[in-house]
Amino acid sequence: MKIIVAPDKFKGSLTCFEVCKAISTGIKKSGQSIEVFEFPMADGGDGFATVIKHYLRTDTVYCDTVDPLGRNITVSYEWNEKDRIAIIEMAVASGLVLLKEEERDPLLTSTLGTGLLIKNAIGKGATKIILGLGGSATNDAGTGILAALGFQFVNERGDLLQASGENLLLIKKIIIPSFIPPVKFEIACDVQNVLYGHQGAAYVYAPQKGANEEQVKFLDKGLKNFAAVIKEETGKDISAIPGTGAAGGIAAGVLPFFDVGMKKGIEMIIEASKIEEQMTGTNLLITGEGKIDEQSSAGKVVGYMAVLAKEYGISCIALCGELQLDEAGIKTLGLQKAIAIQDSSVSKEEAMKNAGSLLIKKASGILNFL
């Protein structure tokens, strides 16, 4: 029997690599003759760069930069020398994880730190930047990235403005550098939100970054102003492009000035992993993630693996920490079965703490569902 194991992480307890190992260990306990192929997966969120590194065999580059509030830090990105590709996870320099709860303030934070990583990669000769957007602490429409690359922002008096969420509303002109490096951006974007409005960056995501109701409205006006300035300066309308609302509007900043492609993070991982080359002759695909719910079909690993399995006529079973779908929802997602390690006999705390051993136990009986 040939089985592919292709899960996401169990956030807060196991990496996708650890999930792969636990599931493989469990199914090999069945006693049957089984050939297992492990493909750790990720969407465009945290962990994206680590998984890409696994498949593209990149080198880690350490770089001095700044956090969302401008404090000096040293972080890393991944570098593929052969193809001149840099893989940068914006969360390492511009992420919520770098701030204490009381420091979260999307009016003050910026993506300058991510921009400095991009600048460093371009200095190494990068021809492509793969940018993962998960976990952003910012709402600056990517002006911090642009600032790091030599762009300047001016108010109506001609004063230079620092890149930040609160200054978006004050921008009246963008001073474009005389030379823009010919680098291509491939942005791992798992959401389809537009830049502003009730489905935009501020209304949907700024509250979790520390904004109150009034600040959300203020930030939204700033994003709308930025789009108007971009249209006036470049003739490009970025206001209604799906995905520009992700990570505080990053794509909206780089789209008008660079060659930019937007792809779901999971699609990039699938492509890099070459998992489809192993699908022929496979009897079962086992996937999983920390929580399976109604969002699992929206750019998440489990939903994509279920679709992929169906394309090749392969049964697909998912393991998870917590299951929030009924049988009808499981079938709609395209899964033959979904199995949670948390149930009436296992608390959430216990499931988080002992996820590895519980996953091995559940995986050991998975073939009974075929």
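As the structure is a prediction and not an experimental result, all values here were calculated from the model.

### Some thoughts on the overall build of the chain
Each helix and strand counted, the chain has 13 helices and 14 strands in total. At 22 Å, the chain has a C-alpha radius of gyration in line with the 21 Å of a compact globule built from 370 residues. Principal-axis analysis of the C-alpha atoms gives the chain an extent of 75 × 45 × 35 Å. Sorting the 370 residues of the chain into buried and exposed places 55% on the buried side.

### Some details on the state of the cysteines
Under the definition given, this model contains zero disulfides. Just so you know, Cys316 is unpaired, no disulfide at all, and the nearest cysteine sulfur is the one on Cys320, 12 Å from it.

### Regarding the sheet that holds strand β4 (residues 72-80)
Remark on secondary structure: sheet strands pair via backbone hydrogen bonds, oriented parallel or antiparallel. What the six strands build is an open sheet, ordered β3-β4-β5-β6-β10-β11; its pairing is mixed. If you trace the sheet from one side to the other, it starts and ends with β3 (59-66) and β11 (259-263), each paired once. Shown here is a sheet whose adjacent strand axes are inclined to one another by a mean of 25°, direction ignored. Pairing of strand β5 (residues 85-89) with strand β6 (residues 128-132), which is carried by five bridges, proceeds in the parallel orientation. The residue of β6 that forms the bridge with Ile85 is Lys128.

### Focus: the environment of Gly125
Within the element layout of this structure, Gly125 appears in the loop between α4 (112-123) and β6. Separated by 40 residues in sequence, Gly125 and Gly165 have C-alpha atoms that sit 30 Å apart. Beyond its immediate stretch of four places on either side in the chain, Gly125 contacts Trp79 and Arg84.

### A look at unusual backbone geometry
Positive phi values are uncommon outside glycine, yet Ala247 reaches one of about 50°. Looking at the element boundaries, Ala247 is found in the loop between α7 (213-234) and α8 (250-254). With relative accessibility at 9%, the residue Ala247 sits in the buried group. The residue Lys274 is not glycine, and still its phi comes out positive at about 60°. Mapped onto the secondary structure, Lys274 falls in the loop between α9 (265-273) and β12 (284-292).

### Things to note about the packing of aromatic side chains
Counting across every chain of the model gives three aromatic pairs. Between Phe185 and Phe258, the aromatic rings sit 5.1 Å apart at their centres with planes inclined by 70°, giving edge-to-face as the arrangement. On the criterion of sequence distance, the pair formed by Phe185 in strand β10 (residues 184-188) and Phe258 in the loop between α8 and β11 is long-range, its members being 73 residues apart. Three or more aromatic residues joined by ring pairs make a cluster, and in this case those are Phe151, Phe185, Phe257 and Phe258. Against the face of Phe37 rests Lys2, its NZ or CZ located 5.1 Å from the ring centre.

### Some details on the pairing of strand β13 (residues 315-323)
Every regular strand shows the same layout, with side chains that alternate between the two sheet faces. Summarising burial for β13: seven of the nine residues are buried, a large majority. In terms of strand pairing, β12 meets β13 through eight bridges, oriented parallel. Bridging across to β13, Lys291 finds its partner in Glu322. Remark: the β12/helix α10 (residues 301-311)/β13 crossover connection has right-handed handedness. Pairing between β13 and strand β14 (residues 337-340): four bridges, direction parallel. Counted as the bridge partner of Cys320 is Ala340 from β14. In this region the chain leaves β13, passes through helix α11 (residues 327-333) and returns to the parallel neighbour β14; the handedness of that crossover is right-handed.

The rules behind each value
- Residues numbered from 1 in each chain as written.
- Predicted model: local features only at pLDDT ≥ 70, side-chain atom pairs only at ≥ 80, totals over all residues.
- Heavy atoms only, no water.
- Helix = DSSP H or I, 4+ residues; strand = E, 2+ residues; numbered from the N terminus.
- Rg over C-alpha atoms; globule rule 2.2 N^0.38 Å.
- Buried < 20%, exposed > 50% of the residue type's maximum accessible area, 1.4 Å probe, protein only.
- Disulfide = S-S within 2.5 Å.
- Pairing = 2+ DSSP bridges.
- Axes fitted to C-alpha atoms, helices over the stretch in contact; angles between N-to-C directions.
- Contact = heavy atoms within 4.5 Å.
- Phe/Tyr/Trp six-rings, centres within 6.5 Å; stacked < 30°, edge-to-face > 60°.
- Lys NZ or Arg CZ within 6 Å of the ring centre and 35° of its normal.
- Right-handed = clockwise from strand over helix to strand, strands pointing away.

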